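# Tertiary structure, described
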Amino acid sequence: LAKTTQPISMDSYEGQEVNITCSHNNIATNDYITWYQQFPSQGPRFIIQGYKTKVTNEVASLFIPADRKSSTLSLPRVSLSDTAVYYCLVGGAGGATNKLIFGTGTLLAVQP
Amino acid sequence: DTAVSQTPKYLVTQMGNDKSIKCEQNLGHDTMYWYKQDSKKFLKIMFSYNNKELIINETVPNRFSPKSPDKAHLNLHINSLELGDSAVYFCASSQVSMRGGEQFFGPGTRLTVL
C-alpha cells in the first residue's frame, strides 16, 4: 500500500526559510504532488502543485527530484501566521489508477 | 461568497442512527470529493465524483453512501452510525479531476457519535 510520510513537526523563527519534505516512494507515473495548509477548525487550503523539477508561485516553491520519490515544500521568510499543519497530497484521479493519498502532515510552529 | 459549504457544521448523534451531511459548491467545478479526518489529523479520501459519476471509491463501509443530485452537490449519507465514525468530514471540489486539481475544501463537519 502506498505510503506518504512527512516529519511530524518542525520549529522555526520568523523570517527564516522553512523546507518540509514529503516521502512518496510508490508514486505512479500519472501522479501529481500537491501541498496544502490547514489551520485549526478549517479545511485544507491549496498552496502549490507540481509534477517534476521546480515550481514557484507567490507564496512557496516546490522541489521535486528526478526520481519523484520525494518532494520539498519551501516557504521563504515565514511569519507567525504560517503556523499550521502542512500536508502533501500524491495522486491523480483518472486512468487506471484513481487515488489521492495525503501525507501524515507536518505541524510547523513559527516563533517570534 | 462561500465557495464550498457544508451543513451541518457540528453533528452529535447516537450509535445506530442514520444521518446525512450536505455539500454544495458554487465554483462551477466538475469534480467533488469527501474526505475523513480522524483524531490524529490523518486525511483520507472516501469518494470522488466527476460530473455526477463516481470515480474514486475507497474502501469504506457500505454504510456510507454518497449521492450527487447534480454537479454542484455531493451529499454523504451514513447508516447505522458507529463510535468509530466520529471524525471531521470535509467536502472539496476541483476543476481538473485528472490530477486532483487545486481542491477547494469546505469548513468541515464534526461528527460525534455517542
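Residues numbered from 1 in each chain as written. Chains lettered and ligands numbered in written order. Predicted model: local features only at pLDDT ≥ 70, side-chain atom pairs only at ≥ 80, totals over all residues. Heavy atoms only, no water.

## A few points about the overall build of chain A
Short version of the rule: Helix and strand labels come from DSSP, where a helix needs a run of H or I of at least four residues and a strand needs a run of E of at least two; each type is numbered from the N terminus. Using C-alpha atoms as the atom set, the radius of gyration is obtained and then compared with a globule rule of 2.2 Å times the number of residues to the power 0.38. The buried label applies to any residue whose accessible area, calculated with a 1.4 Å probe on protein chains only, is under 20% of its type's maximum; exposed applies above 50%, and partly exposed to all values in between. Throughout, a contact is declared for two residues whenever any of their heavy atoms are within 4.5 Å. Per-residue accessibility takes into account occlusion by the displayed protein chains alone, with areas from the Shrake-Rupley method and a 1.4 Å probe. Asp and Glu are treated as the negative residues and Lys and Arg as the positive ones, with His and the ends of the chain left uncounted. In plain terms, the charge of a residue is placed at NZ if it is Lys, CZ if Arg, CG if Asp and CD if Glu.
Assigned secondary structure in chain A consists of 0 helices and 10 strands. Starting at the N terminus and walking to the C terminus, you meet the elements of chain A as β-β-β-β-β-β-β-β-β-β. Against the globule reference of 13 Å for 112 residues, chain A gives a C-alpha radius of gyration of 14 Å, in line with a compact fold. Along the longest, intermediate and shortest principal axes, the C-alpha atoms of chain A span 45 × 30 × 20 Å. Taking all 112 residues of chain A together, the buried fraction comes to 46%. Excluding contacts between residues fewer than 6 apart, the proportion of contacts in chain A whose partners are at least 24 apart in sequence is 54%. Carbon and sulfur atoms provide 53% of the accessible area of chain A, an area that totals close to 5,500 Å². Taking the 8 positively charged and 7 negatively charged side chains of chain A as two groups, their mean positions are separated by 10 Å.

## Notes on the sheet that holds strand β1 (residues 4-7) of chain B
Residue and element names in this part refer to chain B. Applicable threshold: Only strands that DSSP links by at least two bridges are regarded as paired with each other. Here the axes come from fitting lines to C-alpha atoms, over the contacting stretch only for helices, and the angles between their N-to-C directions go from 0 to 180 degrees.
One open sheet accounts for 4 strands, arranged β1-β3-β8-β7; its pairing is antiparallel. Each edge of the open sheet carries a strand with a single partner, namely β1 and β7 (64-70). This sheet shows a mean twist of 20 degrees between the axes of neighbouring strands, independent of strand direction. Here β1 runs beside strand β3 (residues 19-25); their pairing, made up of 4 bridges, is antiparallel.

## Things to note about the pairing of strand β2 (residues 10-13) of chain B
All names here are of chain B. Of the two faces of β2, the one lined by L11 and T13 is fully buried and the one lined by Y10 and V12 carries no buried residue. Judged from the 4 bridges that link them, β2 and strand β11 (residues 109-113) form a sheet pairing that is parallel. In the strand pairing of β11, T13 is matched with V113.

## Focus on the state of the cysteines
Residues and elements named next belong to chain A. Selection rule: The rule for a disulfide is simple: a pair of cysteine sulfur atoms within 2.5 Å.
As enumerated under the stated definition, the model contains 2 disulfides over all chains in all. Between the sulfur of C22 and that of C88 lies a disulfide, 1.9 Å long from S to S. Measuring handedness by torsion sign, the sulfur bridge of C22 and C88 sits at about 45 degrees and is right-handed. Of this pair, C22 sits in strand β2 (residues 18-23) while C88 sits in strand β8 (residues 84-92), and the two are 66 residues apart along the sequence. Judged by relative accessible area, which is 0%, C22 ranks as buried. Judged by relative accessible area, which is 0%, C88 ranks as buried.

## Structural notes on the packing of aromatic side chains
For any two aromatic rings, the description comes down to two numbers: the centre-to-centre distance and the angle of the planes. As a reminder, the rule being used: When the centres of two rings from Phe, Tyr and Trp lie within 6.5 Å, Trp using its six-membered ring, the rings pair. Their planes under 30 degrees apart give stacked, over 60 give edge-to-face, and anything left gives tilted.
Going through the model one piece at a time under the given rule, you end up with 11 aromatic pairs over all chains. Between the aromatic rings of Y87 of chain A and F102 of chain A, the centroid separation amounts to 5.9 Å while the plane-to-plane angle is 85 degrees, which identifies the pairing as edge-to-face. Of the two residues, Y87 of chain A is situated in strand β8 and F102 of chain A in strand β9 (residues 99-102); the sequence distance between them amounts to 15 residues. Neither Y87 of chain A nor F102 of chain A differs from the other in exposure class; each is buried. Consider the rings of F102 of chain A and Y35 of chain B, whose centres lie 5.4 Å apart with planes at 75 degrees: the pair is edge-to-face. In this pair, F102 of chain A sits in strand β9 while Y35 of chain B sits in strand β4 (residues 31-37), so the two residues belong to two different chains. Each member of the pair, F102 of chain A together with Y35 of chain B, is buried.

## What about the nonpolar core?
Residue and element names in this part refer to chain A. The criterion, for reference: Side-chain atoms within 4.5 Å link the members of a nonpolar core, which is a set of buried Ala, Val, Leu, Ile, Met, Phe, Trp, Tyr and Cys residues.
Counting residues in hydrophobic clusters, the biggest one holds 20 residues, and the most contacted among them are W35, I47, I48, L73, L75, Y86 and L108. Counting only elements with at least two residues in this core, the list comes to β2, β3 (32-38), β4 (45-50), β6 (61-64), β7 (70-75), β8 and β10 (106-111). The greatest single-element share of this core, amounting to 4 residues, is contributed by β8. For I47, the residues in contact, after removing those within four places along its chain, are W35, Y36, Q37, N57, V59, A60, L73 and Y86.

Structural measurements only, silent on function.
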